[in-house]
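Residues per chain are reported as follows:
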Protein chains: 4
Amino acid sequence: MSWQSRFEELITNKVFEFFIIFIIMASALTVGAKTYNITPFWLSVLAVADIGITVIFITEISIRFLATHPRRDFFKNGWNIFDTLIVTISLIPLDNSDMALVARLVRVFRVLRMISIIPELRILLNSLLKALPRLGYVMALMFIIFYIYAAAGSLIFEDVNPVLWGDISIAMLTLFRVMTLEDWTDVMYETMVVYPMSWTFYISFIFLTAFAFLNMVIGIVVNVLEEEHQKERDADPDILHLEDVYAEVKALRALIEKQQGGSSGSGP
Amino acid sequence: MSWQSRFEELITNKVFEFFIIFIIMASALTVGAKTYNITPFWLSVLAVADIGITVIFITEISIRFLATHPRRDFFKNGWNIFDTLIVTISLIPLDNSDMALVARLVRVFRVLRMISIIPELRILLNSLLKALPRLGYVMALMFIIFYIYAAAGSLIFEDVNPVLWGDISIAMLTLFRVMTLEDWTDVMYETMVVYPMSWTFYISFIFLTAFAFLNMVIGIVVNVLEEEHQKERDADPDILHLEDVYAEVKALRALIEKQQGGSSGSGP
Amino acid sequence: MSWQSRFEELITNKVFEFFIIFIIMASALTVGAKTYNITPFWLSVLAVADIGITVIFITEISIRFLATHPRRDFFKNGWNIFDTLIVTISLIPLDNSDMALVARLVRVFRVLRMISIIPELRILLNSLLKALPRLGYVMALMFIIFYIYAAAGSLIFEDVNPVLWGDISIAMLTLFRVMTLEDWTDVMYETMVVYPMSWTFYISFIFLTAFAFLNMVIGIVVNVLEEEHQKERDADPDILHLEDVYAEVKALRALIEKQQGGSSGSGP
Amino acid sequence: MSWQSRFEELITNKVFEFFIIFIIMASALTVGAKTYNITPFWLSVLAVADIGITVIFITEISIRFLATHPRRDFFKNGWNIFDTLIVTISLIPLDNSDMALVARLVRVFRVLRMISIIPELRILLNSLLKALPRLGYVMALMFIIFYIYAAAGSLIFEDVNPVLWGDISIAMLTLFRVMTLEDWTDVMYETMVVYPMSWTFYISFIFLTAFAFLNMVIGIVVNVLEEEHQKERDADPDILHLEDVYAEVKALRALIEKQQGGSSGSGP
């Protein structure tokens, strides 16, 4: 038995898979544990655990790489590239004070390996990502609405409160806040002192974004329902269709016409 | 007539059922009344009522137990176990000052008996609980999103506000608050003073969770609609199917072919 | 031509209807105008207008009453009773200082006549009210959840903040606030100082109510969709059903069997 | 080749279209850039760019006008009128200090040309606008609810807080805030000090508007689903219908009846 097929057997083994999931969970827990104030003893335990996890991850990805045939196919899978990157970057020594934060954040992203290793989560994420493009034009329309209101807002309200309306990017952040309805009246009452009619600005913006958002949601619901409907129809090719009944009746008619032709032929 | 069948008759009696519902309501009212500042006279009235309610509950559950045949089946029903537990625990004398709160809380849970006694509420709760497992993977994905953002947040923002970002569990609570859009800008503006780009952290988190939540809702809607559709089709076996028409046409064809064979056989 | 049929003609007249809608709008405007600080001149104008509106309303309802045949049927219609009540109560002189507010509020409710006079709004309101009963059990379940959390909350948190958790009714109002996610963290952070684990109380409550609310919404959507579906099927009795095709094929078979019987009978 | 057909060719040219989209984007960027504090050098660059953009827009619209045949049809298209207006108004010299803001705002609206130039966005906006009328009566009902609550609110609560309940228009703004659940408890707690039962006012208002809003959303969803369903049925006239099978069976029966009549006729 070749090394490659042994490796292939190993990575499809359920025990191996659960072991890797357990290691990713351990990795997530060490990341979480470091956010608490812990004693130096536990800090060194975590450091050792971290080295162990890194070693296991390198071993696992190497096995995966060696099991793939041909080997260049390994990097055709986006998740493999992601796993390799996450593990490779965590190898770079970044523990001087400036980059320690970056090193810690890279370890946080290891938790994302949970998605790459559990097929159901991968499918779920893919279906989420697939839904994004069909939102494209609604997103573009929303961005145009935001841009116009932000430009108008920062032109008119800049002197009222430069912290909220200083320039167009800050104004867009303020408008996102208004869209989420988070303390939007505080923003409004402030500008209404200077411009008493400025409530029209906020109410029209809230109506526009709520309406566009609602249409987006309804669009997704209708799309998903139709896809399900289509999938159901395609799924079962053995199901009886109206076409089958039609074909049968047609055949019956041909039979009778032939018989009639025969009987009228044999008549005289 | 045996005792058992008399008890069975009693617990299926409508008057008995309404009496028990009335007692549970009285139990709920005594629980509510105790939260007000009441005179010692009414306090003693409530104490007497409490003893009466406990006695009636014990009697009722005993009757239910004795009416079940065989008796060990009584504890196969989750609601029976729940009822027995609630009533039994409220028998333990816990009125010393330390445990008085626990004793009172146990009496609060008696109100839940309303669900165990009214079949429609029981069905509703069951259907709610049945919907939970299909949310499993979306919940897992959401938890991973929360965990990563909480780990990153508590690493980066710990020094800005340890009350909100002190460790990973506090950070998850803060992120839940941000997800519900409750004063999330207060949290953001605070960290933006130190990290001006930290708005990306919040906006991306809100988008991710809103999108995952939306997909969860749509998933449930589609599932429920399909189940209803399936139920409708299964509900009425007498309904005419395309298959029946097909079978009839097939039979007709066989008849004509036989006739044709017969007529050609009788021909010469 | 009798008086009754003349009145009947009048109330079905479009011009008359638009005139009454115009008067209701005028009535709404006078109600609105009184909320502004207006000069004594305009106050007296409004008082005159008010008398005029009342006179027109009395005349209109009298005509409606006289046009109904038999007259006791007039009060079988809930909207007629509502109109009569609103107009009658506004006749009672309540202008002493104590009851002036009540007199004004009664005039506010005249605006509701807009719903009783426009059929489309009446239909819309009826369909809204018809949707309420099917929410009955979900509402009951939600009330039980509220009651239990409110009882537990006022028992545990009363000493932390009696303004929010003083008794069970105040606690239910506080919980309604938490359900609408309005500054719920302020409520939570306050109790977490004394009971650090009290976040479980709020998070579980938000999850439960959000989940029950979501199921209520989905339930309504599914119900409405099914009703539409049913209505569509019932609406067109001329539509071709599978049953018709089946009957036709059956008849065809009977015909052929008769023919076959006949031909075999006439055979020898 | 005539000038007109050359212009027609030009405006349907993809390169020309992308060039105009690029210019609109540049126009949007200059609008955004002006909201920042920029050096005089960049201010003059923006002024030059502004002149260039205006010139290009005039040229483009002139070409569009000249390419239309007959020319009066140009102004039958609403988007053409919109484009011409936006460009014409930005030609008026408004740079004195009083009107500078208006001049800047007109330039902001140029960004809306993005919608008039990209067909997909135009279709999306049209479908959004088409959905509005069917909301008409729900909107009217909501307005009546708002008007009555605002009138009642400003009558009762005016003395509590004239800033929120001063007159009916301010009260409607306050109620809109309550509907969005934005710090609605602050409004409520304030009036509960004077009128302890005023929570009924807010809770009933929130329930009414939430319920009306929910019904509006469900109405839209059902409408959209039905339209899609109808569109699907209409889209494919070649699809086999039950009617076709029915007609075929009918024809078959006629054939057999004729044959039978013929055979019984030829019998004797």
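Caption draft 1: Summary view of the overall build of chain A. Of regular secondary structure, chain A possesses 13 helices and zero strands. Reading the helices (α) and strands (β) of chain A from amino to carboxyl end gives α-α-α-α-α-α-α-α-α-α-α-α-α. Counting all 268 residues of chain A, 43% fall into the buried class. Taking the intrachain contacts of chain A between residues at least 6 apart in sequence as the baseline, contacts between residues at least 24 apart amount to 61%. Roughly 14300 Å² of accessible area belongs to chain A as shown, and the carbon and sulfur atoms make up 68% of that amount.

Caption draft 2: Quick peek at the side chain of serine 90 of chain B. Mapped onto the elements of the fold, serine 90 of chain B is located in the loop between helix H4 (78–89) and helix H5 (100–109). Non-local contacts of serine 90 of chain B, meaning those with residues more than four positions away in its chain, are made with Thr54, Val106, Arg107 and Arg110 of chain B.

Caption draft 3: Representation of the domain arrangement of chain A. When its domains are assigned, chain A resolves into domain 1 (3–117) and domain 2 (122–248). In this structure, domain 1 of chain A and domain 2 of chain A have C-alpha centres spaced 37 Å apart.

Caption draft 4: Just the packing of helix H8 (residues 136–157) of chain C against helix H10 (residues 168–179) of chain C, in detail. All names here are of chain C. Running from N to C, H8 and H10 point in directions that differ by 115°, and their axes come no closer than 8 Å. In this structure, H8 meets H10 at a crossing whose hand is right-handed. Contact residues: H8 offers Phe143, Phe146, Tyr147, Tyr149, Ala150, Ala151 and Ser154, while H10 offers Ile168, Ala171, Met172, Leu175, Phe176 and Met179. Of the residues belonging to the contact of H8 with H10, the class tally is 12 nonpolar, one polar and no charged.

Caption draft 5: Examining the interface of chain B and chain A more closely. With 48 residues of chain B at the contact, the number on the chain A side is 50 residues. For the chain B and chain A pair, buried surface summed over both sides reaches about 4600 Å², with 77% attributable to carbon and sulfur atoms. In terms of surface lost to chain A, no three residues of chain B exceed Leu141, Leu155 and Phe211 of chain B, which account for 14% of the buried area on that side. Between the two partners, chain B and chain A, sit zero salt bridges. Counting the contacts that link chain B with chain A gives seven residue pairs in polar contact (both at pLDDT 80 or more).

Conventions used here
- Residues numbered from 1 in each chain as written.
- Chains lettered and ligands numbered in written order.
- Predicted model: local features only at pLDDT ≥ 70, side-chain atom pairs only at ≥ 80, totals over all residues.
- Heavy atoms only, no water.
- Helix = DSSP H or I, 4+ residues; strand = E, 2+ residues; numbered from the N terminus.
- Buried < 20%, exposed > 50% of the residue type's maximum accessible area, 1.4 Å probe, protein only.
- Contact = heavy atoms within 4.5 Å.
- Areas by Shrake-Rupley, 256 points an atom, 1.4 Å probe, with all protein chains shown as cover.
- Domains from an automatic or database assignment.
- Axes fitted to C-alpha atoms, helices over the stretch in contact; angles between N-to-C directions.
- Left-handed = near helix turned anticlockwise from the far one by under 90°.
- Nonpolar A, V, L, I, M, F, W, Y, C, P; charged D, E, K, R; others polar.
- Buried area = accessible area lost by both parts, 1.4 Å probe.
- Salt bridge = Lys/Arg side-chain N within 4 Å of Asp/Glu carboxyl O.
- Polar contact = N/O pair within 3.5 Å; in protein donor to acceptor, adjacent residues only side chain to side chain.

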